Amino acid sequence: MKKVHTSGAPEAIGPYSQAMIFDNIVYTSGQIALDPESGELVSGGIEDQARRVMENLGAVLEKAGSGFEYVIKTTCFLADMDDFSDFNQIYAEYFTGKPARSCVAVNALPKNALVEVEAIAEIPPDRKSIERY
């Protein structure tokens, strides 16, 4: 197993890695809408937060040698299921391949975020030689 770390996504706010690679699969930790430079939650509503989450997730996937097009499964957590439709609009811009997904409402998210997303993705054979660490 190998750890993935990129400055393009926020530092972990607990005892975990941004992602782990096992064989040719990357397992990301959940990303919330933290600005990678300041470590602060971005301002705005679900659309702004969802977009930042996707940018953070994309940075982790890229560092691992993968990308949105190689995502197999996502798990999405919403602080309010009333945000489902607005979240889906942003989600669909990034996950055009429509991977498998679970989306649930939760009582609360770290730093009172509105959304968190984690992913499992393939690292395609032609990208395995990318320097990832």
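Above this text sits the structure in question.
Calculation notes
Residues numbered from 1 in each chain as written. Predicted model: local features only at pLDDT ≥ 70, side-chain atom pairs only at ≥ 80, totals over all residues. Heavy atoms only, no water. Helix = DSSP H or I, 4+ residues; strand = E, 2+ residues; numbered from the N terminus. Rg over C-alpha atoms; globule rule 2.2 N^0.38 Å. Buried < 20%, exposed > 50% of the residue type's maximum accessible area, 1.4 Å probe, protein only. Contact = heavy atoms within 4.5 Å. Areas by Shrake-Rupley, 256 points an atom, 1.4 Å probe, with all protein chains shown as cover. Pairing = 2+ DSSP bridges. Right-handed = clockwise from strand over helix to strand, strands pointing away. Salt bridge = Lys/Arg side-chain N within 4 Å of Asp/Glu carboxyl O. Arc of directions from axis to C-beta. Patch = residues over 30% accessible without salt bridge, like charges linked within 9 Å, V, L, I, M, F, W, Y side chains within 5 Å. Axes fitted to C-alpha atoms, helices over the stretch in contact; angles between N-to-C directions.

Trainee: What exactly am I supposed to notice about the overall build of the protein chain here?
Mentor: Counting secondary structure elements, the protein chain contains two helices and six strands. Reading the protein chain from its N end, one meets helices and strands in the order β-β-β-α-β-α-β-β. Computed over its C-alpha atoms, the radius of gyration of the protein chain comes to 14 Å, within 12% of the 14 Å expected for a compact globule of 133 residues. Taking the principal axes of its C-alpha atoms as reference, the protein chain extends roughly 40 × 30 × 20 Å. Relative to its 133 residues, the protein chain shows a buried fraction of 44%. A separation of at least 24 residues holds for 70% of the contacts in the protein chain among residues at least 6 apart in sequence. As displayed, the protein chain has an accessible area near 7000 Å², and 49% of this comes from carbon and sulfur atoms.

Trainee: Whenever I open this one, the pairing of strand 5 (residues 100-105) confuses me. Can you help?
Mentor: The side chains of a regular strand alternate between both faces of the sheet. As defined by bridge partners, strand 4 (residues 71-78) adjoins strand 5 across six bridges and the pair is classed as parallel. Counted as the bridge partner of Lys 73 is Ala 100 from strand 5. In this region the chain leaves strand 4, passes through helix 2 (residues 84-94) and returns to the parallel neighbour strand 5; the handedness of that crossover is right-handed.

Trainee: Is there a simple way to explain the pattern of salt bridges in this structure?
Mentor: Using the criterion set out here, one finds one salt bridge in the structure. Residues Glu 93 and Arg 51 are paired through a salt bridge, measuring 2.7 Å at the closest nitrogen-oxygen approach. One end of the pair, Glu 93, is in helix 2; the other, Arg 51, is in helix 1 (residues 46-64), and 42 residues separate them in sequence. Classification of Glu 93 by relative accessible area gives partly exposed; the value is 46%. Under the relative-accessibility criterion, Arg 51 is labelled partly exposed at 33%.

Trainee: Could you clarify how one ought to interpret the side chain of Thr 74 in this entry?
Mentor: Inspection of the secondary structure puts Thr 74 in strand 4. We classify Thr 74 as buried; its relative accessible area is 1%. In contact with Thr 74, not counting residues within four places along its chain, are Tyr 91, Phe 95, Pro 99, Ala 100, Arg 101, Ser 102, Val 117, Glu 118 and Ala 119.

Trainee: How should unusual backbone geometry be read in this particular structure?
Mentor: One can expect most non-glycine residues to show negative phi and most peptide bonds to be in trans. Positioned with a positive phi, Asp 23 is a non-glycine residue whose angle comes to about 55°. When you line up the elements, Asp 23 lands in the loop between strand 2 (19-22) and strand 3 (25-28).

Trainee: Sorry, what's going on with helix 2 here?
Mentor: Since the α-helix packs 3.6 residues into each turn, any two residues three or four apart lie on the same face. All of the buried residues in helix 2 are Phe 87, Ile 90, Tyr 91 and Tyr 94. Buried positions in helix 2, seen along its axis, are confined to an arc of 105° and lie on one side of it. Close packing links the buried residues of helix 2 with helix 1, strand 4, strand 5 and strand 6 (115-122).

Trainee: What am I meant to see in a nonpolar patch on the surface here?
Mentor: Among the surface-exposed residues, Met 1, Phe 22 and Tyr 27 lie close enough to one another that they form a single nonpolar patch of about 380 Å² accessible area. Looking at Phe 22, the relative accessible area reads 44%, which means it is partly exposed.

Trainee: Looking at this structure, how should I read the sheet that holds strand 1 (residues 2-4)?
Mentor: Sheets are built from strands paired through backbone hydrogen bonds, the pairs being either parallel or antiparallel. Judged by pairing direction, the sheet is mixed, and its six strands sit side by side in the order 1-2-3-6-4-5 without closing on themselves. Pairing within the sheet leaves two strands with one partner each, and these edge strands are strand 1 and strand 5. Neighbour-to-neighbour, the strand axes of the sheet open up by a mean angle of 15°, direction not taken into account. As judged from the four bridges shared by strand 2 and strand 3, these two strands associate in the antiparallel manner. Directly across from Phe 22, in strand 3, lies its bridge partner Ile 25. Seen against the sheet, helix 1 touches strand 1, strand 2, strand 3, strand 4 and strand 6 and runs at an angle of roughly 25° to strand 6. Along the sheet, helix 2 makes contact with strand 4, strand 5 and strand 6, crossing strand 5 at roughly 150°.

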